[in-house]
Amino acid sequence: MARTPLVLLWLFGFTASASSQTIRLAESTVPGNCFRVELSLAVSGKLKVQLPGGKAGSESLEAIASHVYTERVESENRAVRYYTKATATSVIAGAKQVRELSAPHRLIVARPPVGVPQHFNPDSPLTREELELVSEHFDSLLLPRLLPGKDVAPGESWKIPDAVAKAACFFEELTVNTLEGKLIDVQNGVAEFAVEGSAEGTELGAAVKVRVTAKGRFDLATKRVVSLTWSQEDDRGQGPASPAAELKATVKLKREALAAEPDELNAAARAKVPAGAIPESLLQLRYTEPAGKYSFLHSRGWHVTGQVGEHLVLRLVENGDWIAQANILSLKPPHGANHMTPAAFKDAIAKQPGWEPAGIAADGELPTGPGRWLYRVAAVGKQDGLAVVQAFFCLSDAAGNQVVVTVIARDDRAAKLGTRDVALVNAIEFPGKK
């Protein structure tokens, strides 16, 4: 009986020693390593909208997404992926929208989403919807960077680097970061860690506040992060290309190291990936009018912000700065003609509501492709009382397809716009043209 307290004391001492034992919580990023990743996302919340009469209102939002891909790591900030599944379904104010990555675009070269996403398909440009599908899920390249990269004991914390917080929260600019990792427990060869805290920054020119609660599992034998549940609450302000919103999102990620390189990511598949700088042509996005009346390639700074009937609205946002707005209207030419006459075009411009011209900067035809006609009137003046520079374009082809494009910029943003309005209009293609 006298030995019992000593035994208990010994066991207590052993347990306390084991619980304070440090482990190395680090994962090496080795080029050529391959993984299989499964991701699910659930989002709920509301979008803040302006109701008729200027009153504030809201619309409910529910969304789910599912992604499955194999990945070959090229560096800490680059991977080649093949998506066997990439889908998202959202319901906003009762209206359902389904997005899916097209078969020709399943091979994706990926980088963590810092600023304008650099994800691309090596064969042809993505659509904006496809870019969002592959660039706006939690990026598995960030998993090793959530770890402290050193020996830690249960209960010990570490700061999540600003660059990692910026990428994980999809900020263009990061202003506040209190995210911390913490080793929770070590059992049965698995270390459980947490990430908690808040971050603030901007995305597409909108102020965003984020609260994160996450838990991950690190396999001690393979020295890999094998799973992560990342929950996030967003308070998003109004931006030039996005509405204000209050959202809750939960990501569940599973990751499995592959012993061999998958066939879909073999050397032949990767041979088409540019070795050096990414060609600008692969970073462009393709937009196609729903009825197929026209399509065009555009830089990633242009965002579609509205479409009502024949009327498409885009905004050019760069580093959070709203530079210009473009309005594209598909318009039938007069009977028996391929396009409006310059006189009729100028008469229509003069009748634009709220437009007070103060001077003409340019007036005449512009070079464009064979069988096409492009006319521009560029002017300075006031639109609804605001000093602006405005360019009006009429583009048509020999088949009688015609669009009228208006590009407007505040006079202090015109220099930043440069000639990108002309490039946008010249990129418009009508049916039958490759």
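Bear in mind the structure is a predicted one, so any value in this text is a computation, not a measurement.

## With respect to the layout of surface pockets
- In this model, the second largest pocket occupies a volume close to 640 Å³.
- Elements with a contribution of two residues or more to the lining of the second largest pocket: β19 (321-330), α6 (342-350), β22 (386-397) and β23 (402-410).
- Broken down by class, the residue content of the lining of the second largest pocket amounts to 16 nonpolar, seven polar and four charged.

## Examining the nonpolar core
- Among the nonpolar cores identified, the biggest contains 51 residues, and Leu-25, Phe-138, Leu-146, Phe-193, Leu-228 and Trp-230 are the most heavily contacted of them.
- With five residues, the top contributor of residues to this core is strand β12 (residues 206-219).
- Apart from the residues lying within four places of it in its own chain, the contact partners of Trp-230 are Phe-138, Leu-146, Ala-168, Val-195, Val-212, Thr-213, Ala-214, Ala-249, Thr-250 and Val-251.
- Of all hydrophobic cores here, the second largest spans 28 residues; its members include Leu-314, Ala-324, Ile-328 and Val-403.

## Focus: the side chain of His-67
- For His-67, the location among the structural elements is in strand β3 (residues 56-75).
- By relative accessible area, which is 4% here, His-67 ends up buried.
- Apart from the residues lying within four places of it in its own chain, the contact partners of His-67 are Val-37, Glu-38, Leu-39, Tyr-83, Lys-85, Ala-86, Thr-87, Leu-133 and His-137.

## As for helix α2 (residues 128-135)
- Of all eight residues making up α2, six are buried, and the element is well covered by its neighbours.
- Restricting attention to buried positions, one finds in α2 the residues Arg-128, Glu-130, Leu-131, Leu-133, Val-134 and Ser-135.

## Remarks on the pairing of strand β10 (residues 180-187)
- One ladder, built from three bridges, connects strand β8 (residues 157-159) with β10; its direction is antiparallel. Along β10, the bridge assignment pairs Ser-157 with Lys-182.
- Two strands pair when backbone bridges link them, and β10 and strand β11 (residues 190-203) are joined in this way by seven bridges, in the antiparallel orientation. Across the sheet, Glu-180 pairs through a bridge with Glu-196, a residue of β11.
- The antiparallel hairpin formed by β10 and β11 contains two residues in its connecting segment, where Asn-188 sits at a positive phi of about 50°.

## What about empty space enclosed by the protein?
- Taken as a whole and assessed by the stated rule, the structure comprises one cavity of 30 Å³ or more.
- There is about 80 Å³ of room inside the largest cavity.
- Taken together, the residues that form the lining of the largest cavity break down as five nonpolar, four polar and five charged.

## Topic: unusual backbone geometry
- Phi at Asn-188 takes a positive value of approximately 50°, unusual for a residue other than glycine.
- Inspection of the secondary structure puts Asn-188 in the loop between β10 and β11.
- For Leu-204, which is not a glycine, the phi torsion comes out positive at approximately 50°.
- For Leu-204, the location among the structural elements is in the loop between β11 and β12.
- Classification of Leu-204 by relative accessible area gives buried; the value is 18%.

## Let's talk about the sheet that holds β19
- Ordered by their spatial adjacency, seven strands build an open sheet running β17-β18-β19-β23-β22-β21-β20, and the pairing between neighbours is antiparallel. Where the open sheet ends on each side, the last strands, each with one partner, are β17 (302-308) and β20 (355-365). Within this sheet the neighbouring strands show an average axis-to-axis angle of 20°, counted without direction.
- Summarising the sheet, β19 and β23 pair through six bridges and their orientation is antiparallel.

## Details of the packing of aromatic side chains
- This structure, assessed with the given rule, holds eight aromatic pairs.
- Site record: aromatic cluster; members linked through ring pairs are Tyr-287, Tyr-294 and Phe-296.
- The ring of Phe-35 has Arg-255 sitting right over it, with the charged end atom 4.0 Å from the ring centre.

## Looking at the pattern of salt bridges
- Counting across every chain of the model gives 26 salt bridges.
- Close ionic contact of Arg-286 with Glu-429 constitutes a salt bridge, the shortest N to O distance being 3.9 Å. You can see Arg-286 sitting in strand β15 (residues 285-288) and its partner Glu-429 sitting in the segment after α8 (420-426), a full 143 residues away along the chain.
- Classification of Arg-286 as partly exposed rests on a relative accessible area of 28%.
- The class for Glu-429 is buried, based on a relative accessible area of 17%.
- Residues participating in the shared-partner salt-bridge network are Asp-321, Arg-410, Asp-412, Arg-413 and Lys-416.

## Some remarks on the pairing of strand β16 (residues 295-298)
- As paired strands, β15 and β16 are joined by four bridges and run antiparallel to one another. Within β16, the position partnered with Tyr-287 by the bridge is Phe-296.

## Describing the confidence of the model for the protein chain
- Residues at a pLDDT of 70 or more form 93% of the protein chain, whose mean pLDDT is 91.
- For the stretch residues 1-19, pLDDT sits under 50, and the model shows one contact to residues farther than four places along the chain or on other chains.

## A closer look at the side chain of Asp-321
- On the secondary structure map, Asp-321 appears in strand β19.
- For Asp-321, a relative accessible area of 16% puts it in the buried group.
- A distance of 2.8 Å separates polar atoms of two side chains, one belonging to Asp-321 and the other to Lys-416.

Conventions we followed
- Residues numbered from 1 in each chain as written.
- Predicted model: local features only at pLDDT ≥ 70, side-chain atom pairs only at ≥ 80, totals over all residues.
- Heavy atoms only, no water.
- 1 Å grid on protein atoms, 1.4 Å probe; cavity = no way out; pocket = protein on both sides within 12 Å on 5 of 7 lines; lining within 4 Å.
- Points joined across faces, edges and corners; volume = space filled by probe spheres on them.
- Helix = DSSP H or I, 4+ residues; strand = E, 2+ residues; numbered from the N terminus.
- Nonpolar A, V, L, I, M, F, W, Y, C, P; charged D, E, K, R; others polar.
- Core = buried A, V, L, I, M, F, W, Y, C linked by side-chain atoms within 4.5 Å.
- Buried < 20%, exposed > 50% of the residue type's maximum accessible area, 1.4 Å probe, protein only.
- Contact = heavy atoms within 4.5 Å.
- Pairing = 2+ DSSP bridges.
- Axes fitted to C-alpha atoms, helices over the stretch in contact; angles between N-to-C directions.
- Phe/Tyr/Trp six-rings, centres within 6.5 Å; stacked < 30°, edge-to-face > 60°.
- Lys NZ or Arg CZ within 6 Å of the ring centre and 35° of its normal.
- Salt bridge = Lys/Arg side-chain N within 4 Å of Asp/Glu carboxyl O.
- pLDDT = per-residue confidence, 0-100.
- Polar contact = N/O pair within 3.5 Å; in protein donor to acceptor, adjacent residues only side chain to side chain.

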